[in-house]
Amino acid sequence: MRKRTMLILFSMAAMVMLVSGVALAKVIEGTDAGETLTGTNNPDLIKAFGGGDTLYGKDAADVLRAGSEGDSVDGENGNDTYYGAPAMMSSRNTRASLLCL
């Protein structure tokens, strides 16, 4: 009985470690200055603030949030979602969803 309980606990701990590493997206935040923000090959949340920023999402399904000035966003590969006013953003990704604020 004790051996079975230990095996179950070990299996549960291994699953938690495996799933938690895959599920976490990287959050990349800009500043009030214009800058280039580049994501990873995993799903990312990239948030631009002030200044004319350039956002690159890379692979996977990224969320890119444009700031308050003329930002350029490029999710590259993946089914990306962009937030911001259309007049503020430009993109090369044809598989993106644009959500206007």
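Visitor: Could you clarify how one ought to interpret the side chain of aspartate 44 in this entry?
Guide: Inspection of the secondary structure puts aspartate 44 in strand 3 (residues 44–47). Residues within four places of aspartate 44 in sequence aside, it is in contact with Ala25, Lys26, Gly39, Gly57, Ala61, Asp62 and Val63.

Visitor: Just to check I follow, could you spell out the pairing of strand 3 for this structure?
Guide: Judged by which residues are buried, strand 3 turns out to be one-sided: Asp44 and Ile46 face inward and are buried, whereas Leu45 and Lys47, on the alternate face, are not. Examined bridge by bridge, strand 1 (residues 26–29) and strand 3 share four bridges and lie parallel to one another. By the bridge assignment for strand 3, valine 27 is matched with leucine 45. With three bridges joining them, strand 3 and strand 5 (residues 63–65) adopt parallel strand pairing. Directly across from lysine 47, in strand 5, lies its bridge partner arginine 65.

Visitor: I keep staring at a nonpolar patch on the surface and nothing clicks. Help me out?
Guide: On the surface, Met6, Ile8, Leu9 and Met12 cluster together to form a nonpolar patch covering roughly 410 Å² of accessible area. On the secondary structure map, methionine 6 appears in helix 1 (residues 2–23).

Visitor: Would you mind showing me how to read the environment of glycine 52 here?
Guide: Its location among the elements puts glycine 52 in the loop between strand 3 and strand 4 (54–56). Taking the relative accessible area as the measure of exposure, glycine 52 reaches 45% and is therefore partly exposed. Here the alpha-carbon distance between glycine 52 and serine 72, two residues 20 residues apart in the chain, equals 7.7 Å.

What counts, and where the lines are drawn
Residues numbered from 1 in each chain as written. Predicted model: local features only at pLDDT ≥ 70, side-chain atom pairs only at ≥ 80, totals over all residues. Heavy atoms only, no water. Helix = DSSP H or I, 4+ residues; strand = E, 2+ residues; numbered from the N terminus. Contact = heavy atoms within 4.5 Å. Buried < 20%, exposed > 50% of the residue type's maximum accessible area, 1.4 Å probe, protein only. Pairing = 2+ DSSP bridges. Patch = residues over 30% accessible without salt bridge, like charges linked within 9 Å, V, L, I, M, F, W, Y side chains within 5 Å. Areas by Shrake-Rupley, 256 points an atom, 1.4 Å probe, with all protein chains shown as cover. Salt bridge = Lys/Arg side-chain N within 4 Å of Asp/Glu carboxyl O.

Read these as spatial facts, not as claims about activity.
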